[in-house]
Amino acid sequence: MTTTCDVVVVGLGPGGEATATQLAGAGLDVVGIDERLVGGECPYYGCIPSKMIIRAADALAEAGRVPDLAGTVEVRPDFAVVARRISEEATDGWDDQVAVDRLVDAGVRFVRGHARLSGPRTVEVGGEVFEARRGVVLNPGTSPSAPPVDGLADTPYWTNREVLRAESAPASMVVIGGGPIGAELAQAFSRFGTRITVLERGPRLLGPEEPETGDLLGSVFAAEGIQVLTDVDIQQVSYAEGRFSVRLADQTVEAEKLLVAAGRRPNFDDLGLETVGLDPAAHSIEVDDRMRAGEGLWAIGDVAGHGAWTHLSMYQSAICVADVLAQDDAPRADYRAVPHVTFTDPEVGGVGMTEQQARDAGLRVRVGTQDMAANSRGWINRAQGLVKVVEDADRGVLVGATVMGPTGGDVLGMLTTAVHAEIPTATLRSMIYAYPTMHRAVEEALKDLDA
Ligand SMILES: Cc1cc2nc3c(=O)[nH]c(=O)nc-3n(C[C@H](O)[C@H](O)[C@H](O)COP(=O)(O)OP(=O)(O)OC[C@H]3O[C@@H](n4cnc5c(N)ncnc54)[C@H](O)[C@@H]3O)c2cc1C
Ligand SMILES: NC(=O)c1ccc[n+]([C@@H]2O[C@H](COP(=O)([O-])OP(=O)(O)OC[C@H]3O[C@@H](n4cnc5c(N)ncnc54)[C@H](O)[C@@H]3O)[C@@H](O)[C@H]2O)c1
C-alpha cells in the first residue's frame, strides 16, 4: 500500500522525536518510524539511566568523604535501589508508551518497524510505502560496536544496553574502552563495590580530551582502586563457568562480567542509503549546514558526524525543522562551541578546540591553566581538577576550554558562552568572579595566558 505525507522521520531518537513533533505542530502531515523505543538510546540505554547510577555512586563517594571531613557514617551500598529507580522512574520498565502517546497527541502518525529508503522521498516499512512530498529526515543513531577480538563474539558480554538493565552490581567487571561510556560506568560500578579493570588501547582515558584530564582521571581511578591498563592489545576473550578471561599480550585479566564500551557504529544496516546515492559503509552521512544530505533528505544526530551527544541531536533538529519549513531566518549549524561533559568524578567538560586542535588549525595559540586544588573553594573541598583555556592570540578570543572538577560541567557554561560569542579575553579578564566559587579558577587560568 502506498500512502503520501509531507515528511517521514526515520528513527525517533532525541532529535527525530523533536523533529516529528515540531513539524506536526507546524501543521505538516508527519509519519514517524522507530523499530525500537521512541526517544532512542538516551532515555533508555544512555544518558538518563547512566546518570542515575552515577548520581547514586556519587552519593556513596560523598559518604566516603565523611571520615576525613565530618566524623563517621555507616554506608551499605545497595544497587537494587538504583536499578529500581531506573526501571520505575526513568524507563517505565523499558516501555515507551508515554512517548508514543505524546507523539500521537502532537499529531504524528507513528509506525513501529524497520524503515528502509527505497528511493528519493520514499520509505518502506512493514510492507507499507510512504511517499513524502517534502522529504525524509534520517535520525537512525548508533549501536554499540564490538572490536574484532578473537572469541569475543561467542561470549555473553555486556554493552551499554545490558549493563544499564543490571539488577545488581557484579563482584568484578572488565571494561573494554576508556572513553566516556567506559570511564563513567567503571567509576560508578566501582563505587558500588565492583572490582574494575579498564582496558584501553590508547595511552590514556578520555583520549580526545586535553591529555591533562585523562592523566589526572587515571590517577583518581588508581586512588579509588580502579585498575586502568593503557596501550593494551586484547588478543582473545573467552567465557567459561561464569567467568570472562581476557588475554592481553603480557597478562590475562578475569572477571564475572565484561562490558564492551569500545565505540559505536551507525545504524545503516538495510536502511537503503544506496537508493539515494549514499554509502551504507560510511561512518556518517555528509550534511551541509542546514542538515541537508541530498534533495528532500536531511540527517541529524549521531550519524551526522559532528559528535554523539543528545544536545547536538536536538540542536540539529531545530536547524532541520527550520529548513524543512523553509523559514526565512532559518539558522545554520555552527560547531565552534559544542560543549560536552563526561560525568566522572571529577567531571570533565570541554568546549571548542583542544590546544592540539588549535595548533593543528594553524592558530597562534596561547594557553592558560589553573589547578582546581589551588582555587580556594577547590582547596576547601579537597577537589581535584583543572581549568585550561585556549586562546587564538591573534584575535584575542578563546577557541576552546576545559574544566575538570566536581562541577566541571556547570562551570564550563560560562566558557561555552565565551567561545560561542567570541567574547574578547580582555573582557573575560575584567569580570568579577564570586568568592569562593570554582569559577574563580577560570579567572586564574585567564591570567595565566599572560604568564
Ligand atoms: C551509555 C551512554 C551514555 C550517554 N550519555 C550521554 C550524556 O550524558 N549526554 C549526552 O549528551 N549524550 C550521551 N550519550 C549519547 C546519546 O545517547 C546520543 O547522542 C543520543 O541518543 C542522540 O542519538 P540520535 O539522536 O542520533 O539517535 P538515537 O538515540 O541513537 O536513536 C535512534 C533511533 O532510531 C531508531 N532506528 C534506527 N534505525 C532505524 C530504522 N531503519 N528504522 C526505524 N527506526 C530506526 C532506533 O531504534 C532508535 O530509537 C550517551 C550514550 C550512551 C550509549
Ligand atoms: N557524558 C556524555 O556526554 C557521554 C557519555 C557516554 C557516551 N557519550 C557519547 O557516546 C559516544 C560513544 O562512547 P564510547 O565510550 O563507547 O566510545 P568512544 O569511541 O568515545 O570511546 C571508545 C574507547 O574505546 C577504546 N577502544 C576501542 N577499541 C578498543 C580495543 N580493542 N581495546 C581497548 N580499547 C579500545 C578507544 O580507544 C576509545 O578510548 C561518545 O563518543 C560520546 O559522544 C557521551
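Note that the structure is predicted; figures quoted are calculated from it, not measured. (Residues numbered from 1 in each chain as written. Chains lettered and ligands numbered in written order. Predicted model: local features only at pLDDT ≥ 70, side-chain atom pairs only at ≥ 80, totals over all residues.)

Overview of the site of ligand 1
Right, on to step 1. In the region of ligand 1, 36 residues are neighbours, and G11, G13, G40, G141 and G301 sit closest.
Right, on to step 2. Looking at the shell around ligand 1, the elements with two or more residues in it are α1 (14-25), β2 (30-34), α2 (41-45), α3 (47-64) and α10 (310-324).
Right, on to step 3. Looking at side-chain class alone, the shell around ligand 1 contains 14 nonpolar, 16 polar and 6 charged residues. (Near = placed C-beta within 6 Å. Helix = DSSP H or I, 4+ residues; strand = E, 2+ residues; numbered from the N terminus. Nonpolar A, V, L, I, M, F, W, Y, C, P; charged D, E, K, R; others polar.)

Considering the domain arrangement of the chain
Right, on to step 1. Under the domain assignment used here, the chain contains domain 1 (2-39 + 96-143 + 265-324), domain 2 (152-262) and domain 3 (339-450).
Right, on to step 2. Computed over C-alpha atoms only, the centres of domain 1 and domain 2 are separated by 34 Å. (Domains from an automatic or database assignment.)

Side note on the nonpolar core
Most often, soluble globular proteins keep nonpolar side chains buried together rather than apart.
Right, on to step 1. By size, the foremost hydrophobic cluster in this structure holds 120 residues, and its most contacted members are V8, V175, L258, W298 and A299.
Right, on to step 2. Not counting chain neighbours up to four residues away, the residues in contact with L258 comprise T155, Y157, W158, V174, V237, F244 and V246. (Core = buried A, V, L, I, M, F, W, Y, C linked by C-beta atoms within 7 Å. Buried ≥ 20, exposed ≤ 12 C-beta atoms within 10 Å, placed from the backbone. Contact = placed C-beta atoms within 7 Å.)

Examining the pairing of strand β21 (residues 386-392)
Right, on to step 1. Burial analysis of β21 places 6 of its 7 residues in the buried class, which makes it a mostly covered element.
Right, on to step 2. Pairing of strand β20 (residues 365-371) with β21, which is carried by 7 bridges, proceeds in the antiparallel orientation. Bridge pairing links V365 to D392 in β21.
Right, on to step 3. As defined by bridge partners, β21 adjoins strand β22 (residues 397-405) across 7 bridges and the pair is classed as antiparallel. Looking across to β22, one finds that K388 is bridged to T402.
Right, on to step 4. Here β21 hands over to β22 after 4 residues, with G396 in that stretch at a positive phi of 65°. (Pairing = 2+ DSSP bridges.)

Some details on the site of ligand 2
Right, on to step 1. If you check the shell around ligand 2, you find 27 residues, and the closest are P147, G177, G179, I181 and A308.
Right, on to step 2. Those elements giving two or more residues to the shell around ligand 2 turn out to be α8 (180-191) and β18 (339-342).
Right, on to step 3. The dominant element in the shell around ligand 2, judged by the number of residues it contributes, is α8, at 4 residues.
Right, on to step 4. Among the residues forming the shell around ligand 2, the class breakdown is 13 nonpolar, 10 polar and 4 charged.

Quick notes on the packing of α3 against helix α5 (residues 79-90)
Right, on to step 1. Interhelical geometry of α3 versus α5 gives an angle of 145° and a closest axis separation of 10 Å. α5 is crossed by α3, and the crossing has right-handed handedness. Together, I48, P49, M52, I53 and A56 of α3 and V81, V82, R85, I86 and A90 of α5 make up the contact between the two elements.
Right, on to step 2. Residue classes in the contact of α3 with α5 are distributed as 9 nonpolar, no polar and 1 charged. (Axes fitted to C-alpha atoms, helices over the stretch in contact; angles between N-to-C directions. Left-handed = near helix turned anticlockwise from the far one by under 90°.)

Concerning the sheet that holds β18
Adjacent strands of a sheet form backbone hydrogen bonds with each other and so pair up, either parallel or antiparallel.
Right, on to step 1. In spatial order, the strands read β18-β19-β22-β21-β20; together these 5 strands make up an open sheet with antiparallel pairing. Where the open sheet ends on each side, the last strands, each with one partner, are β18 and β20. Averaged over all pairs of adjacent strands, the angle between strand axes in this sheet comes to 10°, irrespective of strand direction.
Right, on to step 2. With 4 bridges joining them, β18 and strand β19 (residues 347-352) adopt antiparallel strand pairing. Its bridge partner being in β19, H340 is matched across the sheet by G350.
Right, on to step 3. Strand contacts of helix α13 (residues 408-421): β18, β19 and β22, with the helix running at about 180° to β22, the strand carrying the most contacts.

A word on the pairing of β22
Right, on to step 1. The buried fraction of β22 amounts to 8 of the 9 residues, a majority that puts the element mostly inside the structure.
Right, on to step 2. Here β19 runs beside β22; their pairing, made up of 6 bridges, is antiparallel. Across the sheet, the residue bridging to G349 is V403, located in β22.

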